[in-house]
Amino acid sequence: MRSFVYNGQPSRVVFGAGSLEHLEREMQLLGANRALVLCTPEQQPLAEDIARRLGSRAAGVYPKAVMHVPVETAAAAVDEAKRVSADCALAVGGGSTTGLGKAIALQSGLPILAIPTTYAGSEMTPIWGMTENGLKKTGRDARVLPRTVIYDPELTVSLPVGLSVTSGMNAIAHAAEGLYAQDSNPVMDLMAEEGIRALAAALPMLRANPADITARASALYGAWLCGTVLGNVGMALHHKLCHTLGGTLNLPHAEVHTVVLPHAIAFNANAAPEAMKKIARALGRDDAALGLYRLAKDNGAPVALRDIGMKAEDIGRIEQLAVQNPYWNPRPVNAQAEGALRELLQRAWEGSPPSH
Ligand code: NAD
């Protein structure tokens, strides 16, 4: 067995249908008495319901979370937390809301209690992101890792089927890249393979019946595992491309991950054969890249960048940006790989199956 470093991240996870009922207990265990409940404008009714449950332990509802955490939104949320003397940021929602909680934690040191309602996985990572003048900055800081996470599958039943599938593919992307990470370790490999397996089994089930609580639980369990992988090991070409496509062209986050993933995996296939075996096994398919493409397509998700807002003339720009700053990838992303990278982007743009 090869040598490795395993760095456990300290967070408490409470999982299960109906586990929202443990919220007050979890607040007490956290030593928190005044939570500022964060959400997007669309999820305000859920946040208000949570604030009602908390009674005097709720300091207020702040329904202003938006995609990519603009610095102005973050600053206003920090001010609000101070104004209401909050001692905890309670983030109920997807990655955008957790992201706002992280911005508060980064600047004020308040602990985060997260209640995720998508499969993005941000709640399991110490990674923060904020956008200033159209540029997204990211960083790592132990203070932004939520201390407690309540995973209640019942809160994900309302997630529309389309977003459930793309959000699930977003989670699978964390695990797939984690399997060939430079700093991977056997524990993360186990979590990654199991996370992909749980999500791949759940997506067709919840597409057939969005209220299927067994499928919702399996998907959220998979999202937890995949998010843990993202928080523990480094990512590579796939995440770099998605970050560039999302940041530069403002394409929707989960959809971009869904479209790019099969192609990034195909690009790396020959350089990471062990990871490919594990991904394929978790999907129950012969080929990792094709299996991911089919999982997305068969479940009605977009498979072409041109269908989610990218123009053909942007391919060259994205290719240039993707090779600008060197970063680790199992197959080096250098001048020799330029033709293959162009082909990857071309195929992803037109929605062709991945090729390797
Ligand atoms: P999101 O949080 O933007 O949510 C998308 C939409 O779905 C919102 O309108 C939200 O209100 C709605 N929604 C969420 N849950 C719902 C539910 N159960 N029912 C009905 N509607 C619901 O989307 P996301 O994909 O979860 O998060 C994307 C953001 O998270 C990106 O900005 C990405 O960069 C960030 N992210 C960060 C990390 C990290 O580790 N820092 C990890 C993953 C994602």
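The notes below deal with the structure included here. (Residues numbered from 1 in each chain as written. Predicted model: local features only at pLDDT ≥ 70, side-chain atom pairs only at ≥ 80, totals over all residues. Heavy atoms only, no water.)

A few points about the overall build of the protein chain
A count of helices and strands for the protein chain gives 13 helices and eight strands. Whereas a compact globule of 356 residues would reach a radius of gyration of roughly 21 Å, the protein chain reaches 20 Å, a difference of no more than 12%. Across its three principal axes, the protein chain shows a C-alpha extent of roughly 60 × 45 × 40 Å. Taken across its 356 residues, the protein chain has 57% of its residues classed as buried. When the 32 basic and 33 acidic side-chain charges of the protein chain are each reduced to a single mean position, those positions are 2 Å apart. (Helix = DSSP H or I, 4+ residues; strand = E, 2+ residues; numbered from the N terminus. Rg over C-alpha atoms; globule rule 2.2 N^0.38 Å. Buried < 20%, exposed > 50% of the residue type's maximum accessible area, 1.4 Å probe, protein only. Lys, Arg positive; Asp, Glu negative; His and termini not counted. Charge placed at Lys NZ, Arg CZ, Asp CG, Glu CD.)

Points about the nonpolar core
Ile196, Ile265 and Ile279 are the most contacted members of the largest nonpolar core, which has 76 residues in total. Considering every element that reaches this core, the biggest residue donor is helix 6 (residues 186-208), with nine residues. With near-sequence residues (within four places) excluded, Ile279 lies in contact with Ala176, Leu179, Ile196, Ile265, Ala288 and Leu292. In terms of nonpolar packing, the next biggest core, distinct from the first, is built from 24 residues, Val256, Val259, Leu305 and Ala348 among them. (Core = buried A, V, L, I, M, F, W, Y, C linked by side-chain atoms within 4.5 Å. Contact = heavy atoms within 4.5 Å.)

Let's talk about the pattern of salt bridges
The tally for this structure, following the rule as stated, stands at 15 salt bridges. In this structure, Lys278 engages Asp189 in a salt bridge whose closest nitrogen and oxygen atoms are separated by 3.4 Å. Here Lys278, found in helix 10 (residues 273-283), pairs with Asp189, found in helix 6; they are 89 residues apart in sequence, far enough to count as distant. Take Asp189: its relative accessible area is 12%, and that puts it in the buried class. (Salt bridge = Lys/Arg side-chain N within 4 Å of Asp/Glu carboxyl O.)

A short note on the site of the ligand
Within the structure, the ligand sits among 23 residues, and Thr40, Glu42, Ser96, Thr118 and Thr125 are positioned closest to it. Contact distances for the ligand include 2.8 Å between an oxygen atom and a backbone N or O atom of Gly95. Taking Thr118, its side chain carries an N or O atom lying 2.7 Å from an oxygen atom of the ligand. Across the complex, the protein chains shield 85% of the 860 Å² of accessible surface that the ligand would expose by itself. Among the elements that make up the shell around the ligand, the one with the highest residue count is helix 4 (residues 95-108) (three residues). Looking at the shell around the ligand residue by residue, the classes come out as seven nonpolar, 13 polar and three charged. (Near = heavy atom within 4 Å. Polar contact = N/O pair within 3.5 Å; in protein donor to acceptor, adjacent residues only side chain to side chain. Areas by Shrake-Rupley, 256 points an atom, 1.4 Å probe, with all protein chains shown as cover. Nonpolar A, V, L, I, M, F, W, Y, C, P; charged D, E, K, R; others polar.)

Details of the packing of aromatic side chains
A complete count under the given rule lists three aromatic pairs for this structure. Look at Phe15 and Tyr151: their rings are 6.0 Å apart centre to centre, the planes differ by 45 degrees, and that puts the pair in the tilted class. Of this pair, Phe15 sits in strand 1 (residues 12-15) while Tyr151 sits in strand 8 (residues 148-151); the two residues are 136 residues apart in sequence, bridging distant segments of the chain. Residue classification places Tyr151 among the buried residues on the basis of a relative accessible area of 0%. Centre to centre, the rings of Phe15 and Tyr221 are 6.5 Å apart; their planes meet at 80 degrees, and the pair counts as edge-to-face. Taken as a pair, Phe15 in strand 1 and Tyr221 in helix 7 (residues 213-232) lie far apart in primary sequence, 206 residues in all. Residue Phe15 is classed as partly exposed on the basis of its relative accessible area of 35%. Its relative accessible area of 27% is what places Tyr221 among the partly exposed residues. Taken together, the aromatic side chains of Phe15, Tyr151, Tyr221 and Trp224 make up a single cluster linked through ring pairs. (Phe/Tyr/Trp six-rings, centres within 6.5 Å; stacked < 30°, edge-to-face > 60°.)

Remarks on unusual backbone geometry
Phi at Ser85 takes a positive value of approximately 55 degrees, unusual for a residue other than glycine. Looking at the secondary structure, you find Ser85 in the loop between helix 3 (71-83) and strand 4 (88-93). Judged by its relative accessible area of 48%, Ser85 falls in the partly exposed class. Phi is positive for Asn250, which is not a glycine, with a value near 55 degrees. Among the secondary structure elements, Asn250 is positioned in the loop between helix 8 (237-249) and helix 9 (253-268). Judged by relative accessible area, which is 59%, Asn250 ranks as exposed.

With respect to the pairing of strand 3 (residues 58-62)
Taken together, the four bridges between strand 2 (residues 35-38) and strand 3 define a ladder with parallel strand orientation. Bridged to Leu38 within strand 3 is Tyr62. Between the parallel pair strand 2 and strand 3, the chain is carried across by helix 2 (residues 44-54), and the sense of this crossover is right-handed. (Pairing = 2+ DSSP bridges. Right-handed = clockwise from strand over helix to strand, strands pointing away.)

Concerning the state of the cysteines
Taken as a whole and assessed by the stated rule, the structure comprises zero disulfides. Free cysteine Cys39: the closest other cysteine sulfur is in Cys88, separated by 14 Å. Cys226 takes part in no disulfide bond, and the closest cysteine sulfur to it belongs to Cys242, at a distance of 15 Å. The exposure class of Cys226 is buried, given its relative accessible area of 0%. (Disulfide = S-S within 2.5 Å.)

From the geometry alone we can't say anything about function, so treat these as descriptive.
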